[in-house]
Structures are given as C-alpha cells and as structure tokens.
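One-letter residues, chain by chain:
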Amino acid sequence: MFDHVTIRVSDGAASEAFYDLVLGTLGIERTNWEDDFAEWNDFSLSGWSPGKPVTRKLHVAFVAPSREAVDAFWRAGTGAGFESDGEPGPRPEYREDYYGSFVLDPDGNSAEAVHHGAMREGGGIDHLWFRVRDLAAAMEFYEAVGRHAGYRLNHDSPERAQFAGSSGSFSIVSGERTDPFHMAFPADDNAAVEAFHTDLVSLGYRDNGAPGERRKYHEGYYGAFVFDPDGHNIELVNHNR
C-alpha cells in the first residue's frame, strides 16, 4: 500500500527519541538517519522549513506483532511523559479482533500500535487517517491516484472514505485539515509513474515534480509528485534498480 510516509517535525531530536522509543517496542528499528532526516523502514521524519510546515493532526498506525506489544508501546510512551490518546484495548467498531493503543508524538500527531487479523504485510505502517477540508474533492483526487497506485475505495460515508490496497489502508475524514505530510505509493514500472503524473496534472492538480530519477535518494529511484487538494505531497515511485 505505502512505499513510504514522511512527516515534518518541529524538533528533530525530540521526535526521533519518541519514535525510537515507541517503535522499538514493536521491533521497528531505525534504518537511516542524516542531519535533518530519520527513517524507520517506510516511515520517516524531516525537519520543517519556510513553506514546508510541521505536520500536525495526522494519525499513523504501526503494525504490532502481538497484543502484548501494543501494551508495551503505550507503556513506553506514557511512561516517558507523552500524552495518551487512548489506552490499550479492543476497538470492535473497527474490527472484531482489533486491539490498539495510542500516544501523541511531540507535535500532537496520534501514533498507534495495532494488532488485528488483517494487518498490512511488508511494512511498518498499517494505516493512516487524516482530515480534509472537502471530502468529495479529496475522494475524487485519491480515486484518480488509485487508478495508478492499485488501491480501491473500500468505505464511503458522509464523514469518511477509506482506500485499501492488497494490505494496508488510509482514510480521509471530513474536518479541520491535517497539516501537510508526504505519502508515496509504489509503482511497478516507470511508465506507471509517468501515466500517474500526466493524468493528475491533466485533471488540474498541481505539479510538484515531473517524472524522473532522483539519484539523491538512490540510483533507480524514479518518481513523480503532485499536490492533493489540501496541499499534501503525493508521489508514485518505482525503484527500478
């Protein structure tokens, strides 16, 4: 479902310490770090700058290997002084076997550890929730992206829409907009990246980077970027070597 998700943070050291602590309880270890960047597989942090504000009001749920790990995630976060956003326990309104816990990160984003019977495979992020100003407009955008990224509309209600891939999902919720973040979806080849960019730009969405290789990430990193209606940076990427 996700190639990677990146949020911008107000204090890199504080956010890195938070995510090292809580993700460590789930067996998710840091895989890369530089002066202004830290990465845990498919989740990463970057510093803010003028025109690139701090991400706030995002909900990101991470795969937990067991209910005991969900408990440990919450204990570690709250024990270090971070605010609880929901104690460990069942949430049958999501799934009969859904068990999660929630802690707020230093910028107020809701980080969750979740364990259930249909968790995402092959990545640390199980799902995202974020708020949008115009649900119908956001749905139209993400349905267009889904034609190239391979996910589908799975739930549609007046307050929320959920999009799901073969494993993993994201939900858009009507309300006060989540501050900008970056979400990238995998592509099978360069042609899919090019078709995504051509299609979305032709529909009137704002370009944020034409298809091409970004060697600053690694050789063979071939991506393209557009902004969604709320200013989130959305990418399709093919790692072709």
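Below, the discussion takes up the side chain of S15. Of note, S15 is situated in helix α1 (residues 12-24). If sequence neighbours within four positions are ignored, S15 has contacts with V9, L45, P106 and D107.

Let's shift gears to the sheet that holds strand β16 (residues 233-239). Taken together, the eight strands give an open sheet; going across it, the order is β2-β3-β4-β1-β13-β16-β15-β14, and neighbouring strands pair in mixed fashion. If you trace the sheet from one side to the other, it starts and ends with β2 (32-34) and β14 (207-213), each paired once. Ignoring which end each strand starts from, the neighbouring axes of this sheet average 15° apart. One ladder, built from five bridges, connects strand β13 (residues 182-186) with β16; its direction is parallel. Across the sheet, residue A184 finds its bridge partner in β16, namely E235. Where helix α3 (residues 135-149) meets the sheet, its contacts fall on β13, β15 (221-227) and β16, and the angle it forms with β16 comes to roughly 0°. Sitting on the sheet, helix α4 (residues 190-202) touches β14, β15 and β16, and the angle it makes with β15 is about 15°.

Read across the sheet, eight strands follow the order β6-β7-β8-β5-β9-β12-β11-β10 without closing on themselves; strand pairing throughout is mixed. This sheet does not close on itself; its edge strands, each paired only once, are β6 (84-90) and β10 (152-156). The sheet shows a mean angle of 20° between the axes of neighbouring strands, direction not considered. In the sheet, strand β9 (residues 125-132) pairs with strand β12 (residues 169-174) via six bridges, with the strands oriented parallel. Note that in β12 the partner of H127 across the bridge is S169. Across the face of the sheet, helix α2 (residues 67-79) comes into contact with β6, β7 (99-104) and β8 (110-115) while running at roughly 15° to β7. Along the sheet, α3 makes contact with β9, β10, β11 (160-164) and β12, crossing β12 at roughly 155°.

Further remarks concern the environment of F130. Mapping F130 onto the fold places it in strand β9. Sequence separation of F130 and E68 is 62 residues, and the distance between their C-alpha atoms is 27 Å. What F130 contacts, discounting residues up to four positions off in sequence, is L58, Y142, F170, S171, I172, V173, T178, F181, M183, D228 and H232.

As enumerated under the stated definition, the model contains 23 aromatic pairs in all. Residues F130 and F170 carry aromatic rings whose centres are separated by 6.1 Å and whose planes lie at 15° to one another, so their mutual orientation is stacked. In this pair, F130 sits in strand β9 while F170 sits in strand β12, placing the two residues 40 residues apart along the sequence. Residues Y142 and F170 carry aromatic rings whose centres are separated by 5.2 Å and whose planes lie at 65° to one another, so their mutual orientation is edge-to-face. Pair noted here: Y142 is in helix α3 and F170 is in strand β12, with a separation of 28 residues, a long-range link. There is no split in this pair, since Y142 and F170 are both buried. Site record: aromatic cluster; members linked through ring pairs are F2, F130, F141, Y142, Y151, F163, F170, F181, F185 and Y205.

This paragraph deals with the nonpolar core. Judged by nonpolar contacts, the single largest core of 58 residues is most densely connected at Y19, F170, I172, M183 and F185. Here this core gets eight residues from one element, more than from any other, and that element is α3. Sequence-distant contacts of Y19, defined by excluding residues within four places in its chain, comprise I7, G24, W40, F43, L45, F62, D105 and A111.

Tracing the backbone through its elements, the reader meets S10 in the loop between β1 (4-9) and α1. Given a relative accessible area of 39%, S10 falls into the partly exposed group. In the structure, S10 is positioned 99 residues away from N109 in sequence and 12 Å away in space, judged by C-alpha atoms. Within the structure, the side chain of S10 is placed 2.5 Å from the side chain of D107, a separation counted as a polar contact.

What counts, and where the lines are drawn
Residues numbered from 1 in each chain as written. Predicted model: local features only at pLDDT ≥ 70, side-chain atom pairs only at ≥ 80, totals over all residues. Heavy atoms only, no water. Helix = DSSP H or I, 4+ residues; strand = E, 2+ residues; numbered from the N terminus. Contact = heavy atoms within 4.5 Å. Pairing = 2+ DSSP bridges. Axes fitted to C-alpha atoms, helices over the stretch in contact; angles between N-to-C directions. Phe/Tyr/Trp six-rings, centres within 6.5 Å; stacked < 30°, edge-to-face > 60°. Buried < 20%, exposed > 50% of the residue type's maximum accessible area, 1.4 Å probe, protein only. Core = buried A, V, L, I, M, F, W, Y, C linked by side-chain atoms within 4.5 Å. Polar contact = N/O pair within 3.5 Å; in protein donor to acceptor, adjacent residues only side chain to side chain.

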